[in-house]
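Observations on the model geometry
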Amino acid sequence: MKLHVGCASFVDPSKIRTLVVPVGKWRREEFLGAVAKLQRFSEIRLLDITPIESSLFTPQGFPSGRLFFTFSSSGYNDSLNLFLYDFEPFRKIFVVIGLVNEHGDLESDLAKLKERYPTVISHNLIVVSKDAISTENSNVFHCGPKLEDKLETTLCDIGKNFLLALNHYYSSYKHVTLRSPGAIGGNAVLKTSLTRQIAALNAATATSANASKRLSSIEIATNGIKRSASLKLAKSLTTTENRSQNRSRGRQLKILGNFQLLAGRYTDALASFGEAITLLHKVRDHLWLGSALDGIAICFLLLSYLQISFQIPSIINVLCPHQASNAISETDSPRNSVSHTPMRSPRGSSSSLSSAAAIDVESANLPKLIKSISEKIMYYYELSLSHTSDYAPQMVYSEILLKTLSFMVCCRSSAGLSSDDLRLIIDGTLPQPAKFDCSTLEPAFTSHEVYFFANRLFDLQLKEMDVESQCDIYMHLAKVYRSLGFERKRAFVLRLLLVAIVSNTDDILLTPDYRAHLENMAQLYGIKSSLALEAMVDEQGDISWLNLQKRCLQLCLAVASRAKDRKLSAHYSLLLIGRYTHLLTQSEQVNLLNNHIEPLISDGCIDSYWDPYLLRDIKFARLEYTGSAVDGAEFPVEMQMAPFEKQDGEVTELDTHQVFNPFKAVQAASKTSDSNSVQGTFLVGDRAMVSCMVQNPFKFEISIKELNFDAEAGKHVELDQNDITLKTPIFVSPESTRLVNLPVNFKAPTGSELLSISSLKMSVMGLPPRAFTMVPSETGFSDHQKLDGDQTLGNRVKIKILPQQPELQVLRTENITDNSWMMLHGTKQIVSVVFRNKSLSCSIDYLQFSHLTNIEKSFKTDYWKKLPYDDLYGVEKQLEWLKNSCIKILEAPTKMAPNEVAKVKIEIDATSVPLQFDGFDVIVNYGMHASKKSYMYMKTLCLPYEVSLKRSIEVPGIEIVPLNELFAPEMETVDWVEFVMNKRRSEQNFRVGDYVLLLLDIRNSWIDGVSLDLSFQDFRSHQHLIEAEHTTRVVVPIKKIEHQHVPFRARPIPRVFNNRQYIQSGLSEDQEREMREKFWCREHILSHLQCRWHLAKDSSITGEVDFRQFLDKLDDLMVKNLYLDRSPYLVDLALDKTNITRNQSVHARVTITPAAARHATSEPLLLSFMIFDHHTSKVLPSSSRRILYNGTLTRHIVAVKETKLALELIPIEPGTYEICALITNSNEDRPMSLSNQEPVTLLVT
Amino acid sequence: MPQYFVIIGSKDNPVYEAEFTTQQGQLQQGFPQNLKELNPFILHASLDIIEDLQWKINPNSQSGNVSGSGGFLRSRNVANTDNCYLGKVDYFYGLVITAYLTYSGMKLVMVHGNLTGDVQIDDNAVKAFYQEVHELYIKTLMNPFYQINDPITSPAFDSRVRALARKYLNK
């Protein structure tokens, strides 16, 4: 079925229907082109046609007339409108032209043509060929290959042939009784069925427009008049015979008029129609009257087109009173005549067709007149409906409606009829909507008027007509609306058309141009037909009537599938499912899937999945490492397997020209956070899993039958074996998302680059696989796209794949089991560990061992902040020791070839470790060079060891006591006595007071006896055996530190780590000096005191004692004992005789020397002599009579320089006395009391 | 006599849709299913006519000029809102379409169904209905969260419009 029919022209009945058929071998396009060329010469002037011998139709009779051909190459169905041929003979196809391009026997071709189209009256052949042909037959013509050259003359000749044939044809009609279509076709003819009552018609027309209202009121009036007139007429023509004669005469005249129209004799036709109208009006043959009126209106138009002046017959004025175009004729207007015509009109109609009342066409408003004639025609047709056989077929009725409609549209541009308008009317084309100008004042018909006229079509029951007529009507209406600029109305009509097509059960063959209509309608309803993503994004902002669009699309789909146009069906199905998912109900979606999409998929018309948002997310995750069993249990491998990348030489050069930007770091940080899409680093050969989030927004299940990486990513990553096949696809249930987990293998390293994956190839619903971009969200997507340009839709996942790595493995640890052992405090142990490079292909290029004890771990980073200097020194010394000496890695290799085994010894020294030491980690950093030398891959192996430290030798107590006297020789078996005595013997200025004794309580906490040696400088103790859980006091003689040589006060406490700031002791200067003294005294002892021990049972187990951790800070007394430089003054007391008899005088001389120059203050000092009884150690009272003295015992002195004093004593009683000199000061702020260092004894006999 | 009522925005987008049914005994009388589908199309098509009438100084309104208000464009001289009511603008087979135009260009359109016979439009009642809906619409517009041309989803609006329909249209 063809939907592009030419619009019904108002003057259609004047056109000769011509069928063009191809003879020979024509290509479709060539043939259509030839037909189009014929169409160009469709208008033939009668002047150009050779006269024929027929008074009725000879072209000479009206030389200015025209022959109009309408050529069609299809749609020949002779029987279809057979019943109409009597009534409206112009519907018949009169001429058939065979276009011959490959001629054989032309005569036989012509004969065949006649045989094929017997009802056609004129058969012609046009031969299109180079060679001239010779034929006698007047119906065979020759044209050159260009066709145009001789076409006009050829068509003139065809016209002549037609006129001859018409003459012949008409002669057969002359004596036939003409019957109405209803009488011929019987029930097969569809009677016009109006939904409204005829009574309502008047009301409807009455309200149509102001102008027409006036018109119709007049019409009603004239109706009345006419009725009365014809009543009278009927009375005068009493005999029915007369009446039927008149009727057949009228009908004959009408049909003659029709033939004359075809033959181009318009004036004759006008006369015939005029006469016919008069007769038919008399006999009230409404159907034929309407048709005759139609003919006369055509005559008017054609005559105006030829610019021939004519007069409108008075009968028309009577029947169709109309508004004159000029004011003068207003007096002639029917309104005036209303009051007078009762007398005039019967006369006018019955007696003669006098032209007295006829109006010249110049004075008539032709458009209005034609419109009113049309109204009248319709009125008569409606009246005819009550008749049993002479009723108007719906086809006829609707055609008059349509052609009047197109006429009205053509007339809209101006008040009158311009030649352009007439041209349009003749051609049957409608003006373009753009042509309308709102400024046109008073168009003949307003668009509203036209619209309401058009709406009268809907008074008809169009559904009952055959589908082709319906299509014609709807197409015509669509064109009219388009011309009016009513695009929505046009869309509506197109929709009605499509519904009509769909609801029709017959097989319809649609020509391909129906697509244009579908497109058109979709466009009119605002449906964007593009399936592209951009369009979808753009559309988000638009709002439209989505329900309308959905239904419209469903309709389009129905039509397309009806037409079996798979491509178009695919387009609409995808549009529907893709864009209107949310509006479709479940059953609609399932229907769409089952009835349209699935068949189309299997046909291959849908070749890719329609939802671009299928893939929502991709994630990579490493599967839990399952290495060989040797490793798994023994080492926490998760940590080891995290290789990190270290970039060498990445020193960012500071641009000194730049202004300091304090926020630079912040910005840099925020930039790096951008790269959070990097999902991780993987190793070649790593086992990992990819999780794809797929979404199904539809209300049916979708299946994914294949899934893979795209080509770029496929070089590096591939899916491991998985279960997805065509037979066992993954189903995603309706309106849900599903996480698909698949194992992946990493094939090739990406090196330092990142592998970015933004899409996956998937085969959905059995469609061929295609890449789906990852779209995390539909809404944010547009912004993202705008920012990044078109190439990055959605996000990407970035991963890094590193080459295979060497793997360091501990094969075994010798000497110990389970990485933990027990150690005696103070001992050393060596553990050897055997490593292997497990990898068979990668060598370890770099190997470094480090260690960390639990003590170091337990320190806070700011441990040093609150500690005083001396403590800090102790702590840091310990840390230093832990770092440097506690654990030593011996024989550490620096490189390992693949599969190489290396043995490493670890020496643990538990001498100075604190007792809370319970383990350490050996950290092995190793790695290999990347293919680029600037990179290196580092791995870390951490070996934790646990140590249970057992206490061995401890020093719970310490004391320092001065040594005052020498010992008896028999005491010399004791080691320290021997030492002192040896000293006395060897050293000349030996003084016993120069020595102090260090008393150490040494405890053996171990379960076995321990024998130990102590040494201090050149002192070596005897071996002490301490039983288990016993404590022994060991005495160590120490020589006092001489202050002159070692000024402890001035020596600051050293620091182990010098780069610390802000350490403040908060101590005063004196306190600090005191601290220094104590510190250095302690250091003195510690630096010389050594103790080695071995077990009594097993002398191979030896150890050392680190006194630092046992020796507390020294107290004042200890320091005073140990360090000479405590007193500001040196007091020396000497007796001239130490062994005297009674009553002998003895002189005690005291020398007071300031210790340093700065102590030589002029403060007054008090020197007191004190005399003790050596045995009782009691001070002799000053009133004692045992010793007499000369002078006072207490004296005031000022010791700025060396001061000497003497006291004469005379002991009266024998005994042993001790004399002591004591200096005190009177300053209460700094009380001081000093005595001579060594007691001086006086033996009195 | 069921009605199908739509408020149509400036981009031919429906802002509010409702179908009013009549209660006849126990029976809800609505549009038959095929008409339910067709109604939006009919209304959409009639927008052409409304827009045509909108700019006419003296439209040949099919309402029979009961209101006598003249065209929409006369609003300058007419104080009341009579001119918003365009009356019967279109018909399709037995269905009659009435329309009302707000000053912001929102089109209130209604299909008057025909179950029994001819549709008789009581212009005064329909006009009153439209005016009250217009008032409701303006109240909706005053909601700061409401954007012009957005669909009206307020259930209060819906229930009030339905109440108005019961009051004026389906007594």
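Computed from a predicted structure; not experimentally measured. By convention here, each chain's residues receive numbers from 1 onward along its written sequence. Ligands are numbered from 1 and chains lettered from A, in the order in which they are written. Reporting in this predicted model follows two pLDDT cut-offs: at least 70 for local features of residues, and 80 or more for side-chain atom pairs to be given and counted; totals over whole chains, interfaces and linings ignore these cut-offs and use all residues. Hydrogens and water molecules were not included; the side-chain quantities draw on all heavy atoms of the structure.

Further remarks concern the overall build of chain B. If you tally the helices and strands in chain B, you get three helices and seven strands. Counting from the N terminus, the helices are DSSP H or I runs at least four residues long and the strands are E runs at least two residues long. For chain B, the α and β elements follow one another from N to C terminus as β-β-β-β-α-β-β-β-α-α. Should any heavy atoms of two residues lie within 4.5 Å, those residues are counted as being in contact. Taking contacts inside chain B between residues at least 6 apart in sequence as the whole, the part at least 24 apart equals 57%. For chain B, the exposed area adds up to about 7,900 Å²; of that, 50% sits on carbon and sulfur atoms. Only the protein chains shown count as cover for residues, with accessible areas throughout obtained via the Shrake-Rupley method and a probe of 1.4 Å.

Looking now at the confidence of the model for chain B. For every residue, the pLDDT score states the predictor's confidence, bounded by 0 at the bottom and 100 at the top. The predicted model of chain B averages 78 in pLDDT, with 77% of residues at 70 or higher. Taken as a whole, residues 60-70 of chain B scores under 50 in pLDDT and shows 19 contacts with residues more than four places along the chain or in a different chain.

Okay, the packing of aromatic side chains next. Aromatic pairs are defined between Phe, Tyr and Trp rings, using the six-membered ring for Trp, whenever the two ring centres lie within 6.5 Å; interplanar angles under 30 degrees are classed as stacked, those over 60 as edge-to-face, and all others as tilted. The full count for this structure, using the stated rule, is 38 aromatic pairs over all chains. Ring plane angle 70 degrees and centroid distance 5.7 Å describe the contact between A:F94 and A:F162, whose orientation is recorded as edge-to-face. Taken as a pair, A:F94 in strand 4 (residues 93-100) and A:F162 in helix 3 (residues 151-173) lie far apart in primary sequence, 68 residues in all. For the residue pair A:F94 and A:F162, the accessibility class agrees, reading buried in each case. Where B:Y85 meets B:Y130, the ring centres are 5.8 Å apart and the plane angle is 40 degrees; that geometry is what we call tilted. Of the two residues, B:Y85 is situated in strand 5 (residues 85-92) and B:Y130 in helix 2 (residues 123-141); the sequence distance between them amounts to 45 residues. Neither residue differs from the other here; B:Y85 and B:Y130 are each classed as buried. What links up through ring pairs into an aromatic cluster is the set B:F5, B:Y16, B:F20, B:Y85, B:Y100, B:F129, B:Y130 and B:F157. One Lys or Arg, A:R495, reaches over the ring of B:F41 and ends 4.1 Å from the middle of that ring. Just above the ring of A:F772 sits the side chain of A:R770; from NZ or CZ to the centre is 4.3 Å. Relative accessibility thresholds used throughout: buried, under 20% of the residue-type maximum; exposed, over 50%; partly exposed, between the two (1.4 Å probe, protein chains only). Counted as over-ring charges are cases with an Arg CZ or a Lys NZ within 6 Å of the ring centre that also lie within 35 degrees of the ring normal.

A side chain with one charge may pair with a side chain of the opposite charge, provided their charged atoms come close. For this analysis, a salt bridge means a side-chain nitrogen from Lys or Arg found within 4 Å of a carboxyl oxygen belonging to Asp or Glu. Summed over the entire model, instances satisfying the criterion amount to 36 salt bridges over all chains. Through salt bridges with shared partners, one network takes in A:R488, B:D12, B:D48, B:E51 and B:K107.

With that settled, the discussion passes to the sheet that holds strand 18 (residues 759-764) of chain A. Residue and element names in this part refer to chain A. The strand order across the open sheet built from four strands is 15-13-18-19, with neighbouring strands paired in antiparallel fashion. Because the sheet does not close on itself, it has two edges, and the strands there are strand 15 (730-732) and strand 19 (770-773). Taking each pair of neighbouring strands and ignoring which way they run, the sheet shows an average axis angle of 50 degrees. Strand pairing requires that DSSP identify at least two bridges connecting the strands. As defined by bridge partners, strand 18 adjoins strand 19 across four bridges and the pair is classed as antiparallel. Along strand 19, the bridge assignment pairs L760 with F772. Interaxial angles span 0 to 180 degrees and are taken between N-to-C directions of axes, which are lines fitted to C-alpha atoms, for helices over the stretch in contact.

Another aspect to go through is the interface of chain B and chain A. By a widespread convention, an interface's size corresponds to the accessible area lost as its parts come together. Counting residues at the interface gives 33 residues for chain B and 29 residues for chain A. Taken over both partners, the interface formed by chain B and chain A buries close to 3,000 Å², and the fraction arising from carbon and sulfur atoms is 59%. Along the contact surface separating chain B from chain A lie four salt bridges. For B:E51, the salt bridge is made with A:R488, and the minimal N-O distance between the two is 2.4 Å. Polar contacts here mean pairs of N or O atoms no more than 3.5 Å apart (in protein, one a potential hydrogen donor and the other a potential acceptor; neighbouring residues in sequence count only if both atoms are side-chain atoms). Put simply, chain B and chain A have eight residue pairs in polar contact (both at pLDDT 80 or more) between them. Put simply, the parts of the chain that give the side of chain B that touches chain A at least two residues each are strand 1 (3-8), strand 2 (14-20), helix 1 (33-54) and strand 5 of chain B. Accessible surface is computed with a 1.4 Å probe, and the buried area is the amount of it that two parts give up when combined, taken over both parts together.

Before going further, it helps to spend a moment on the packing of helix 8 (residues 266-283) of chain A against helix 9 (residues 286-305) of chain A. All names here are of chain A. In contact at an axis separation of 9 Å, helix 8 and helix 9 are set at 155 degrees when each is read in the N-to-C sense. Between helix 8 and helix 9, the angle is such that the two are roughly antiparallel. The two elements helix 8 and helix 9 meet at a crossing, and its hand is left-handed. Note on element contacts: helix 9 touches helix 8 through W288, L289, A292, L293, G295, I296, C299, F300, L302 and L303, opposite Y266, T267, A269, L270, F273, G274, A276, I277, L280 and H281. Charged residues are taken to be Asp, Glu, Lys and Arg, nonpolar residues to be Ala, Val, Leu, Ile, Met, Phe, Trp, Tyr, Cys and Pro, and polar residues to be all remaining types, Gly included. Of the residues contributing to the contact of helix 8 with helix 9, the split by class is 16 nonpolar, four polar and no charged. Each angle is binned into one of four classes, with values under 35 degrees roughly parallel, values over 145 roughly antiparallel, values of 65 to 115 roughly perpendicular, and all other values oblique. Handedness of a helix crossing follows the sense of rotation of the near helix relative to the far helix, less than a right angle counterclockwise being left-handed and clockwise being right-handed.

As a further point, take helix 21 (residues 566-579) of chain A. The α-helix advances 3.6 residues per turn, and as a result positions three or four apart in sequence lie on the same side. Residue and element names in this part refer to chain A. Residue count minus one, scaled by 1.5 Å, sets the expected span of a helix. When the terminal C-alpha atoms of helix 21 are compared, their 19 Å separation across 14 residues agrees well with the 20 Å that a helix rising 1.5 Å per residue should span. Buried residues dominate helix 21, accounting for 10 of its 14 residues. Where helix 21 is concerned, the buried positions are L568, S569, A570, Y572, S573, L574, L575, L576, I577 and R579.

Residues and elements named next belong to chain A. Direction of pairing for strand 21 (residues 808-814) relative to strand 23 (residues 828-837): antiparallel, over a ladder of six bridges. Along strand 23, the bridge assignment pairs Q809 with R836. Across nine bridges, the pairing between strand 23 and strand 26 (residues 901-909) is antiparallel. Looking across to strand 26, one finds that V831 is bridged to I906.

On to the environment of A:P313, then. Checked against the element boundaries, A:P313 lands in the loop between strand 7 (311-312) and helix 10 (314-319). With 40 residues separating them along the chain, A:P313 and A:F273 place their C-alpha atoms 9.8 Å apart.

Our focus in this paragraph is the environment of A:K130. Residues and elements named next belong to chain A. Within the fold, K130 resides in the loop between strand 5 (122-128) and strand 6 (140-143). For K130, a relative accessible area of 71% gives the class exposed. Spatially, the C-alpha atoms of K130 and P145 are 5.8 Å apart, while their sequence positions differ by 15 residues. Setting aside anything within four residues of it in sequence, one finds K130 in contact with H142 and P145.

This next bit is on the nonpolar core. For soluble globular proteins, nonpolar side chains are generally found buried alongside one another. Residues and elements named next belong to chain A. As used here, the term nonpolar core means buried Ala, Val, Leu, Ile, Met, Phe, Trp, Tyr and Cys residues forming a set that is joined through side-chain atoms within 4.5 Å. F300, W610 and F620 are the most contacted members of the largest nonpolar core, which totals 234 residues. Residue contributions to this core peak at 14 residues, all from helix 9. In this structure W610 touches L574, I577, I597, I601, F698, F700, M765 and L767, once residues within four positions along its chain are discounted. Counting 56 residues, the second largest nonpolar core, distinct from the first, contains Y869, V996, I1002 and V1034.

With that settled, consider helix 14 (residues 419-427) of chain A. Residues and elements named next belong to chain A. Residues of helix 14 that are buried include every one of D421, L422, L424, I425 and I426, and no others. Next to the buried residues of helix 14 lie strand 1 (15-23), strand 3 (66-72), helix 9 and helix 13 (394-410). Phi turns positive one or two residues past the end of helix 14, at G428, with a value near 75 degrees.

Moving on, we come to unusual backbone geometry. Residues and elements named next belong to chain A. Positive phi outside glycine occurs at Q1017, with the angle close to 50 degrees. Mapped onto the fold, Q1017 is located in the loop between strand 31 (1010-1016) and strand 32 (1019-1020). Although it is not a glycine, E1029 adopts a positive phi angle of roughly 60 degrees. Checked against the element boundaries, E1029 lands in the loop between strand 33 (1024-1026) and strand 34 (1031-1039). Assessed through its relative accessible area of 46%, E1029 is described here as partly exposed.

To continue, consider the sheet that holds strand 2 (residues 43-45) of chain A. Residue and element names in this part refer to chain A. Here six strands make up an open sheet; going across it, the order is 2-3-1-4-5-6 and the pairing mixed. Either end of the sheet is taken by a strand with one partner, and the two such strands are strand 2 and strand 6. Shown here is a sheet whose adjacent strand axes are inclined to one another by a mean of 30 degrees, direction ignored. As paired strands, strand 4 and strand 5 are joined by six bridges and run parallel to one another. Bridging from a neighbouring strand, L99 pairs with I126 of strand 5.

What follows is about the packing of helix 2 of chain B against helix 3 (residues 155-169) of chain B. Residues and elements named next belong to chain B. The geometry of helix 2 relative to helix 3 is characterised by a closest axis approach of 9 Å and an angle of 165 degrees between their N-to-C directions. In this view, helix 2 runs roughly antiparallel relative to helix 3, as classed from their interaxial angle. The two elements helix 2 and helix 3 cross, and the hand of that crossing is right-handed. Residues A125, V126, A128, F129, E132, V133, L136, Y137 and T140 of helix 2 form the contact with helix 3, whose participating residues are F157, R160, V161, L164, A165, K167, Y168 and L169. Considering only residue class, the contact of helix 2 with helix 3 consists of 13 nonpolar, one polar and three charged.

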